[in-house]
Amino acid sequence: MEENRKPKERRYLSLQTKFLLVLLLGLVLGMGLGSLTMVVGDALIDHVYLSEEAMEERCRDLLDEFEAFVQERNVKAAQARDITVWAKQQNRIYLMVYEVTLLEDGVEMRAIVDSGWWDEENYYPAEGETEDEGYYADTITTYDEDAEEALAEVTEEIYGYGYGQRMMEFADGTYLVQVTEYSEEPLYEFVTILSYAVILAVFLLVVLLYHQRTISYIIKLSQEVEAIAHGKLDGAITVKNRDETGILAEHVDTMRTSIIQEMRAEQEAWNANSDLITRMSHDIRTPLTILLGFLELMDEGDYSEDESYQSYLGICKKNAYQLKELADKLFQYFLVFGHGSHEMKLEASDANVLLGQLIGEHEMLLAEHGWEIDCQYIEGQYFIQADAVFLKRLFDNLFSNIEKYADPACPVVIRQEAEEDCIRITLTNQVRQDPNPVESTNIGLKTCERIVQEMGGTFSAERKGVLFSAELTLPLLAQEPETLKGENEKE
């Protein structure tokens, strides 16, 4: 079960999704801290500024200031305008002046000045206020008790929650002054503004931190990519974000790794080419020297009889074939390990004719040397596009391997099959049990694979026990080419 468990794939979030999540996070944090700021600010106002002691002290101070104003300017209670102007200069108060009269059965209170309500921008005048006078209306309060006690109670100096009253001497008599203080409203407004400012500041801070983090990572990636551009391939690309920037970093790091591998492969190929040239130069020099030596002897006639001449000729042929084999190996090597594609002259050909000729030649040679061939050709007319020269090299390599490694006592099976879009050719044989086997480099099979790939086909080879098989496919043309059609009509 453990072996079948697949590794977890790394999950990614797009930059757009992450940005939306950051906006949501900033909004939630901002609103949370803004609400906390409002709650704390309101609590401080309620428990400190609006405490009973603080409000009573402010009301007492206001009455003291108003009484000093009245005494200093000898103000009359009838001078409502002066009283109202003073009240407006204070910090959000509501002031009332009453004339208190003792009656037989109670107390009469008549409001002679009403300052009205106001804030920093607006003023809300008292009902009935004129330009020169304040609010005038009769308010009679009757107490069904002892008049003296009622008067004492009405005129008593008292202080409540934001409220205070005191009897004061005016220039025209003694009057009852009541003051209501509501200066806490600007503080509540300030706390509200501050809470909104906290929401905005936290929101912007979260967004800016995310933006700064993203920009810093992009700058770091830019610096690492610039280092790669200047040839510094040892430093790995930092991959930490799970978004498009992380994917980009992974791809750049993959590209860096590929460049390193390609450079190593190129260096190894260069070293291999140098070694090959060195070895081939030595290997070619030996048979070439021998060949030239015997050709000079033959040219000078330095032999006694025809038997010596034939012997010299055999040695020359042997070394010439050896040179050819070395040249073929050199061609195969550069065909397999060389860069780029090779210029092939791909021409439309009749598959029956071309394959019959190339395979038939080797079939006859193997049969002459005692091999049993089981060959099956395709039926019908099919057309392929191939380079006959390179295709001949391919079958030369395959049948050369058969001669070197196949068991002559077992048949060589050759099958040609026409499929919907290709022709499939299969060669099968049993490997000879050689007590002193020569290790193969498989350069011939790699050459075959490269040739078939250049022609748009496929090639594969495998060995199972003593059974060896090679299979190649060549793509079919959709219809008979015009050039071959014209030749067939002439015939």
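For the structure itself, look to the data block above.
Residue numbering note: each chain is counted from 1, following its sequence as written. Given that this is a predicted model, residues contribute local features only at a pLDDT of at least 70 and side-chain atom pairs are listed and counted only at 80 or more, while totals for whole chains, interfaces and linings are drawn from all residues. Computation of side-chain values covers all heavy atoms of the structure but excludes hydrogens and water.

1. Section: the overall build of the protein chain
Only runs of H or I of at least four residues qualify as helices and only runs of E of at least two qualify as strands under DSSP, and these elements are numbered from the N terminus. For the protein chain, the helix and strand inventory stands at eleven helices and 15 strands. Working rule for contacts: check all heavy atoms of both residues, and any pair within 4.5 Å makes them a contact. Pairs at least 24 residues apart make up 70% of the contacts formed inside the protein chain by residues separated by at least 6 positions.

2. Remarks on empty space enclosed by the protein
Here a cavity denotes grid points, spaced 1 Å and computed from the protein atoms alone, that fit a 1.4 Å probe unable to get out, and a pocket denotes an open set having protein on both sides within 12 Å along at least 5 of 7 lines; residues with an atom within 4 Å of a point are the lining. Grid points are joined across faces, edges and corners, and a volume is the space filled by probe spheres set on the points. Applying the stated criterion across every chain, the model contains one cavity of 30 Å³ or more. The volume enclosed by the largest cavity comes to roughly 40 Å³. For the largest cavity, the full set of lining residues is L398, N401, I402, L427, N429, F468 and A470. Counting only elements with at least two residues in the lining of the largest cavity, the list comes to α9 (388–405), β13 (422–430) and β15 (467–475).

3. What to know about the packing of helix α2 (residues 52–73) against helix α3 (residues 80–89)
Interaxial angles span 0 to 180 degrees and are taken between N-to-C directions of axes, which are lines fitted to C-alpha atoms, for helices over the stretch in contact. The N-to-C vectors of α2 and α3 enclose an angle of 140°; their axes lie 12 Å apart at closest approach. In terms of orientation, α2 lies oblique with respect to α3. The handedness of the crossing between α2 and α3 comes out as right-handed. Across the interface between the two elements, L62, E65, F66 and F69 of α2 pack against D82, I83 and W86 of α3. Throughout, the ten residues Ala, Val, Leu, Ile, Met, Phe, Trp, Tyr, Cys and Pro are labelled nonpolar, Asp, Glu, Lys and Arg are labelled charged, and all others, Gly among them, are labelled polar. Of the residues assigned to the contact of α2 with α3, the class counts are five nonpolar, no polar and two charged. In what follows, roughly perpendicular refers to angles from 65 to 115 degrees, roughly parallel to angles under 35, roughly antiparallel to angles over 145, and oblique to any angle outside these ranges. What makes a crossing left-handed is the near helix being turned counterclockwise from the far one by less than a right angle; a clockwise turn instead makes it right-handed.

4. Here we look at a negative patch on the surface
Patch rule: a residue counts if its relative accessible area is over 30% and it has no salt bridge; like charges are joined within 9 Å, and nonpolar side chains (Val, Leu, Ile, Met, Phe, Trp, Tyr) within 5 Å. Surface exposure here means Shrake-Rupley accessible area, sampled with a 1.4 Å probe, where a residue is shielded only by the protein chains that are shown. We count a salt bridge whenever a side-chain nitrogen from Lys or Arg sits within 4 Å of a carboxyl oxygen from Asp or Glu. For the purpose of charge, His is not counted, nor are the chain termini; Lys and Arg are scored as positive and Asp and Glu as negative. Every charge is mapped to an atom, namely NZ of Lys, CZ of Arg, CG of Asp or CD of Glu. A contiguous patch of negative charge on the surface is contributed by D146, E148, E149, E153 and E156. Looking at the element boundaries, E148 is found in helix α4 (residues 147–154).

5. Looking at the sheet that holds β15
Any two strands with at least two DSSP-identified bridges between them are counted as paired. Strands sit in the order β10-β12-β13-β15-β14 across an open sheet of five strands; the sheet is mixed. At either end of the open sheet lies a strand with only one pairing partner, and these are β10 (373–376) and β14 (458–464). Each strand of the sheet is rotated relative to its neighbour by a mean of 10°, with strand direction disregarded. Across the sheet, α9 is in contact with β12 (412–418), β13, β14 and β15; its angle to β13 comes to roughly 20°.

6. Regarding unusual backbone geometry
Even without being glycine, N74 reaches a positive phi, approximately 55°. Topologically, N74 is positioned in the loop between α2 and α3.

7. Some remarks on the packing of aromatic side chains
Pairing of aromatic rings covers Phe, Tyr and Trp, the last counted by its six-membered ring, and requires centre-to-centre distances within 6.5 Å; plane angles under 30 degrees mean stacked, over 60 mean edge-to-face, and any other angle means tilted. Enumeration according to the criterion identifies six aromatic pairs in this entry. Seen from their ring centres, F19 and Y210 are 6.4 Å apart, and the 40° between their planes marks the pair as tilted. With F19 in helix α1 (residues 15–49) and Y210 in helix α5 (residues 185–229), this pair connects stretches of sequence that are 191 residues apart. Taking the centre distance of 6.1 Å and the plane angle of 25° together, the rings of F69 and W86 count as stacked. Of the two residues, F69 sits in helix α2 while W86 sits in helix α3, which places them 17 residues apart along the sequence. Across the pair, W86 and F69 agree in class, each one buried. One aromatic cluster in this structure is built from F66, F69, W86, F170 and Y175. By the criterion adopted, a ring carries a charge over it if an Arg CZ or a Lys NZ lies within 6 Å of its centre and within 35 degrees of its normal. The ring of Y159 has R60 lying over it, and the distance from NZ or CZ to the ring centre is 4.3 Å. Summary of the burial criterion: residues with accessible area below 20% of their type's maximum are buried, those above 50% are exposed, and those between are partly exposed, where the area comes from a 1.4 Å probe applied to protein chains only.

8. Describing the environment of E419
As for its position among the elements, E419 is in the loop between β12 and β13. The exposure class of E419 is partly exposed, given its relative accessible area of 31%. Each C-alpha atom of the pair E419 and P475 lies 9.5 Å from the other, and the pair is 56 residues apart in sequence. For E419, the contacting residues outside a window of four places in its chain are R424 and L476. In protein, a polar contact means a hydrogen-donor-capable atom and an acceptor-capable atom, both N or O and within 3.5 Å, with residues adjacent in sequence counting only if both atoms are side-chain atoms; elsewhere, any N or O pair within 3.5 Å suffices. Among the polar contacts made by the side chain of E419, one reaches the side chain of R424 at a distance of 2.7 Å.

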